[in-house]
Amino acid sequence: MTGFARAADPSRPLRVVQVGAGAMGQAWIRTLAGSADVELVGVADLDLGRAEETARAAGGGVQAGVSLAELLASAEPDAVVNVTVPAAHSAVSIEALFAGLPVLCEKPAAPTLAEALVQVAAAEAAGQLLMISQSRRYFAALAEFRRRVQELGTVGLLTTGFFRGPRFGGFRDEMAQPLLVDMAIHAFDAARYLLDAEPVSVTCESWNPAWSWYRGDAAATATFRFDDGTRYVYTGSWCAEGLETSWNGEWRASGPAGAATWDGEDHVASSVGGASHVPPGREEQIAGALAEFVTALRTGEEPSGTIARNVRSLAMVEAAVRSAETGERVDIGALLEQAHRDALAQAVPEPVRARLESRGTPRMAGEAVTS
């Protein structure tokens, strides 16, 4: 998007209301507390007791409520951090945008690509920034791996192996595709960042191992074709116990000048540059997303995670799920066009509909959303 409103007074911290105080919400509360660039002024959660407990722990007169609307007038925020469950992301973000507030929202932007396109149009219609926190883009080692990958020439094959066995409980345990929808988007988004290219199609198979504690498919293999000819292969399991990989997975790229690897932590190696250990950056993971959000509002510079630029990462997820369900290769451009038609079929405010009609789909508009 372009032309979003900048922060009115860059000399003071941004006043932030956080919506959602669950497990991920607590991580965000700690991150907000550790930043000199923001001031937490309100916490909203459907569980009022949890919101009040979180607000008390945060201190400093932080207000609590059951909804964003309840806090808008009294807390007078400058921005909203949306850490609700994915099904609530669209409603909360759009409410905030049309209240004149920029939003930093946890991934995924929405459960469906059509809802994400509605959010793109809503942000443009409201003239506000909606940024998605793809927190695993913010690693110094990932940036170094990207540099090593670019030294290889046009990559022929990029792979990720992801094997973890977390026992979250809650909504993830009940999802139909917990690995692809809730976790794989991090790797898919990183692949776009590393290759500086866009996905064209995917074939994917997903399944649920017999010992899995998830209701839906906790394992998958997906092969994406990118517009520069690169194949990206993701293989992962969210019920893998023993010899776990990093949360970032293990990566390997192969190109005409050799290969490059990243262990998902601090070790990067390549045929061209040898091996090195990369120390953590000053602001990584969600702290990195917050820092980029604040910088964007201070400077007007478009961040990497704007909703419009995040759409193709979400499209990779939806395409992989569609392929897993049908057993067929899915064309991502066609999927985006169908999502645009589905978005227009939704009941949305007239300014949002007008933007949807005028902007078309990313494929139709030739929109650049790579970095």
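Preceding this section is the structure that the text describes.
Analysis parameters
Residues numbered from 1 in each chain as written. Predicted model: local features only at pLDDT ≥ 70, side-chain atom pairs only at ≥ 80, totals over all residues. Heavy atoms only, no water. Pairing = 2+ DSSP bridges. Helix = DSSP H or I, 4+ residues; strand = E, 2+ residues; numbered from the N terminus. Buried < 20%, exposed > 50% of the residue type's maximum accessible area, 1.4 Å probe, protein only. Disulfide = S-S within 2.5 Å. Phe/Tyr/Trp six-rings, centres within 6.5 Å; stacked < 30°, edge-to-face > 60°. Lys NZ or Arg CZ within 6 Å of the ring centre and 35° of its normal.

Colleague: In this structure, what is going on with the pairing of strand E13 (residues 267–270)? I would like to understand it.
Modeller: When a strand is regular, its side chains alternate between the sheet's two faces. Of the strand pairs in this sheet, strand E12 (residues 258–262) and E13 are connected by three bridges, and their pairing is antiparallel. Counted as the bridge partner of Ala260 is Ser270 from E13. Counting the residues between successive antiparallel strands, the hairpin from E12 to E13 contains four residues, one of them, Gly264, with a positive phi of roughly 85°. Across four bridges, the pairing between E13 and strand E14 (residues 274–277) is antiparallel.

Colleague: Explain unusual backbone geometry to me, please; I cannot follow it from the model alone.
Modeller: Glycine aside, a negative phi is what most residues show, and trans is what most peptide bonds show. In this model, Lys107 is joined to Pro108 through a cis peptide bond whose omega is -10°. In this structure, Pro108 sits in the loop between strand E5 (103–106) and helix H5 (113–126). Residue Glu76 is not a glycine yet carries a positive backbone phi of 50°. Tracing the backbone shows Glu76 in the loop between helix H3 (68–75) and strand E4 (79–82). Positive phi outside glycine occurs at Asp196, with the angle close to 50°. In this fold, Asp196 is placed in the loop between helix H8 (178–195) and strand E8 (199–207). By relative accessible area, Asp196 is classed as partly exposed at 44%.

Colleague: Is there a simple way to explain the pairing of strand E11 (residues 250–255) in this structure?
Modeller: Because side chains alternate across E11, one face comprises the buried residues Trp251, Ala253 and Gly255, and the other comprises Glu250, Arg252 and Ser254, none of which is buried. In terms of strand pairing, E11 meets E12 through five bridges, oriented antiparallel. Within E12, the position partnered with Trp251 by the bridge is Trp262. Between E11 and E12, which pair antiparallel one after the other, the connecting turn spans two residues.

Colleague: Honestly, the state of the cysteines in this entry has me stumped. Any pointers?
Modeller: Here a disulfide denotes one covalent bond, and it connects the sulfur atoms of two cysteines. Counted by the stated rule, this structure contains zero disulfides. Cys204 provides the cysteine sulfur closest to Cys239, a residue in no disulfide bond, and the two sulfurs are 15 Å apart. Taking relative accessible area as the criterion, Cys239 reaches 0% and is therefore assigned buried.

Colleague: How do you make sense of the packing of aromatic side chains when you look at a structure like this?
Modeller: Each aromatic ring pair is specified by the distance between its two centres and by the angle formed by the two planes. Within the structure shown, the criterion is met by eleven aromatic pairs. Centroid distance Phe188 to Phe224: 4.9 Å. Interplanar angle 70°. Geometry classified as edge-to-face. Linking Phe188 in helix H8 with Phe224 in strand E9 (residues 219–226), this pair joins segments that are 36 residues apart in sequence. With 6.5 Å between their ring centres and 85° between their planes, Phe188 and Tyr232 make a pair best called edge-to-face. With Phe188 in helix H8 and Tyr232 in strand E10 (residues 231–237), this pair connects stretches of sequence that are 44 residues apart. When its relative accessible area of 0% is taken as the criterion, Phe188 is described as buried. Grouped by ring-pair contacts, the aromatic residues Phe162, Phe168, Trp213, Tyr214, Trp238 and Trp247 constitute a single cluster. Taking NZ or CZ as reference, Arg167 lies 3.7 Å from the ring centre of Trp213, over its face. Sitting over the face of the ring of Phe168, Arg172 holds its NZ or CZ atom 4.6 Å from the ring centroid.

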